[in-house]
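Observations on the model geometry
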Amino acid sequence: MATFGARLRGVLCWAGLGLCGIVLFLVVAMLLRTYGTRSSGLAIRLREKQQQERQRRGEATFSPRELQELKEVLQGAVRIPTVSFSPNDQNITALEEFEPYIYKAFPLVFSTSFIQHEVIGDYSHLFTIQGANPQLQPYMLLAHIDVVPAYPDGWDVSDPFSAEEHDGFIYGRGTLDNKNSAMGILHALEFLLRRNYKPQRSFYIGLGHDEEVGGKKGAMKIVAELESRGVQLTFVLDEGSFIFDGIIPKIEKPVAVIGITEKGTLDVNLTVTSQVGHSSAPPKRTSIGILSEALYKLETNPMPNLFGHGPEIMLFEQLAPVFNFPLNIIMANLWLFGPLVGWFLEQTPSTNALVRTTTAITMFHAGIKSNVIPPKADATVNFRIHSSQSVEEILEILDKTINDKKVKIEVMDTFDPPHISPWDDQTFAVRVFRQTILDVFPDVASVVPGICVGNTDSRHYSSLTKAIYRFSSVVFNADDLPRFHGLNERISLEDYAKQVEFFFQLIQNCDLDQPTEPHTNLHEL
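Residues numbered from 1 in each chain as written. Predicted model: local features only at pLDDT ≥ 70, side-chain atom pairs only at ≥ 80, totals over all residues. Heavy atoms only, no water.

The chain carries the name Peptidase M20 domain containing 1 in an unreviewed UniProt entry, which gives Pseudonaja textilis as its organism.

**Digging into the overall build of the chain**
A count of helical and extended segments in the chain gives 15 helices and 19 strands. A total of 525 residues make up the chain; the buried ones form 53% of that total. By sequence separation, contacts in the chain at least 24 residues apart represent 83% of the contacts at least 6 residues apart. Of the accessible surface of the chain, which amounts to about 24000 Å², a share of 56% is contributed by carbon and sulfur atoms. (Helix = DSSP H or I, 4+ residues; strand = E, 2+ residues; numbered from the N terminus. Buried < 20%, exposed > 50% of the residue type's maximum accessible area, 1.4 Å probe, protein only. Contact = heavy atoms within 4.5 Å. Areas by Shrake-Rupley, 256 points an atom, 1.4 Å probe, with all protein chains shown as cover.)

**Brief notes about the environment of Gln75**
Structurally, Gln75 can be placed in helix H3 (residues 64-78). Excluding its chain neighbours within four sequence positions, the residues that come into contact with Gln75 are Ala163, Glu164, Glu165 and Ile170.

**Focus: the environment of Thr61**
Among the secondary structure elements, Thr61 is positioned in the loop between helix H2 (41-53) and H3. What makes Thr61 exposed here is its relative accessible area of 61%. Considering only alpha carbons, one finds Thr61 and Glu501, 440 residues apart in sequence, at a separation of 8.3 Å. Dropping the residues within four chain positions of it, Thr61 is found in contact with Glu66 and Arg195.

**Examining the packing of aromatic side chains**
Summed over the entire model, instances satisfying the criterion amount to 17 aromatic pairs. Between the aromatic rings of Phe244 and Phe476, the centroid separation amounts to 6.4 Å while the plane-to-plane angle is 75 degrees, which identifies the pairing as edge-to-face. Residue Phe244 is found in strand S9 (residues 236-244), and its partner Phe476 is found in strand S18 (residues 468-476); the two are separated by 232 residues along the sequence. Take Phe244 and Phe476: they sit in the same class, and that class is buried. Put simply, the rings of Tyr139, Phe203, Phe235, Phe428, Phe433 and Tyr469 pair up and form one aromatic cluster. When the ring centre of Phe415 is taken as reference, the NZ or CZ atom of Arg459 above it lies at 4.1 Å. Positioned above the aromatic ring of Phe441 is the side chain of Lys498, whose terminal nitrogen or guanidinium carbon lies 5.9 Å from the ring centre. (Phe/Tyr/Trp six-rings, centres within 6.5 Å; stacked < 30°, edge-to-face > 60°. Lys NZ or Arg CZ within 6 Å of the ring centre and 35° of its normal.)

**Thoughts on the UniProt feature "active site" (unreviewed entry) in the chain**
Mapped onto the present numbering, the UniProt feature "active site" (unreviewed entry) falls at Asp146 and Glu211. The greatest C-alpha distance among the residues just named is 6.8 Å, despite their covering 66 residues of sequence, which places them together in space. On the secondary structure map, Asp146 appears in the loop between strand S5 (139-144) and strand S6 (165-166). Judged by its relative accessible area of 0%, Asp146 is buried. In this structure, Asp146 is in contact with Thr82, Ser84, Gln90, Asp177, Gly208, His209, Asp210, Glu211, Glu212 and Val213, ignoring residues within four places of it in sequence. Within the secondary structure layout, Glu211 lies in the loop between strand S8 (203-208) and helix H7 (219-228). Judged by relative accessible area, Glu211 falls into the buried class, the value being 8%. With sequence-adjacent residues up to four places away left out, Glu211 is seen in contact with His144, Asp146, Glu239, Asn455, Thr456 and Asp457. Within the structure, Glu211 has its side chain in polar contact with the side chain of His144 (distance 3.2 Å). (UniProt positions renumbered as here; feature names shortened; annotations may be inferred. Polar contact = N/O pair within 3.5 Å; in protein donor to acceptor, adjacent residues only side chain to side chain.)

Set out below in structure tokens:
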């Protein structure tokens, strides 16, 4: 018996040592992953490169007169109410007014011999800027000139299209989404031309007029035109994510997040019909009751948490070096802590959108009179699809969740999530973005990939390039989030000047970094 006890103690001792060894191995592995990510060699090289190359390019030092011009031109654009209500209901008068406005605002853009301007789809604009070196594959900058409706109640200024200046901000619909980018790109080009700039690399500028309602008449027609010319692009840059300051918990410095994909969309209409009758003798279940139960099932049974199955994991892995302890260890070891981080992210709406397909009941219609059994009830549900899922998968889950044949499911607008764009140190666009952001925003702690939870015109450009990125070079604080499509949309004069500086430097940096690339059949001017 004593021998057995001794053997048992020996086995337990070896087991304990083995367990300690496993724990020690895990700790070492986590520390290596954590502090191995702290290498800042790339950032150091980029900053050294900045010092060497600043002498070779035009500095983005805007005079007081130019800064005043920036403000006034953006204000003028915001005052043109280019509202999109639906694909078949846009403010055509305002869209027609926009073309002569930009002609007047940017005289060099429209008079320079190596720049061609075309109107596409009646109201969208395509600019072709011919570079000196045809061997360099061109790129494209996108923005849109239409805006969502804005009602005057609740704004801090007299009118959402007044473009009033208040406490250093310009207020108005389109200041963030997305006339700031449209005017910023053109103004950056105008300022470069004033400084006798001639590009080496050709590029395009596309300004869509119906992005807020799908882009079928604007962006899609621009793409069709470029396809007919055999154009292929090294990258596309559209609106999207921002420089977040104070939004990501436990990170003190600003972080630039560039969208490498965006979520897909599925709109469904749910309908229940029943026999009309008098409310004094109601059936056990009315159309409203049946539909309400289906909607309750959808809200209480959200789509699965898919953290780690899409590129959202790259965002947190690459942010690991700028998190404080112990979050830096957690983020550098998502192979172990991924489920915990995924659970944490789903606790708030803004981060929940990163980890799953979201479900939003956006419209409900039923009833004709208080004493009449409603013959019909219908509701619209909007799904924003996670990059690892498809429309087909969501429809299967939707049908199983409702599980009621009385509810008719009708598919409306839909598209799958776009492909994921490349993100590595060898990708030309990534190098240029990092270089430019460090040029203009030296306080940014990190430049990382992310996901756009909204949709942009860029998804239509996948036939022209696989490198599509979504980024607005504007510093975004927590109180800015509800301004999108909401009340008091605004941009500070300082942020707007920085955004123009970003495009000013980006265009030049695309010339300075010239890897060998395939020849493109750029449309001849």
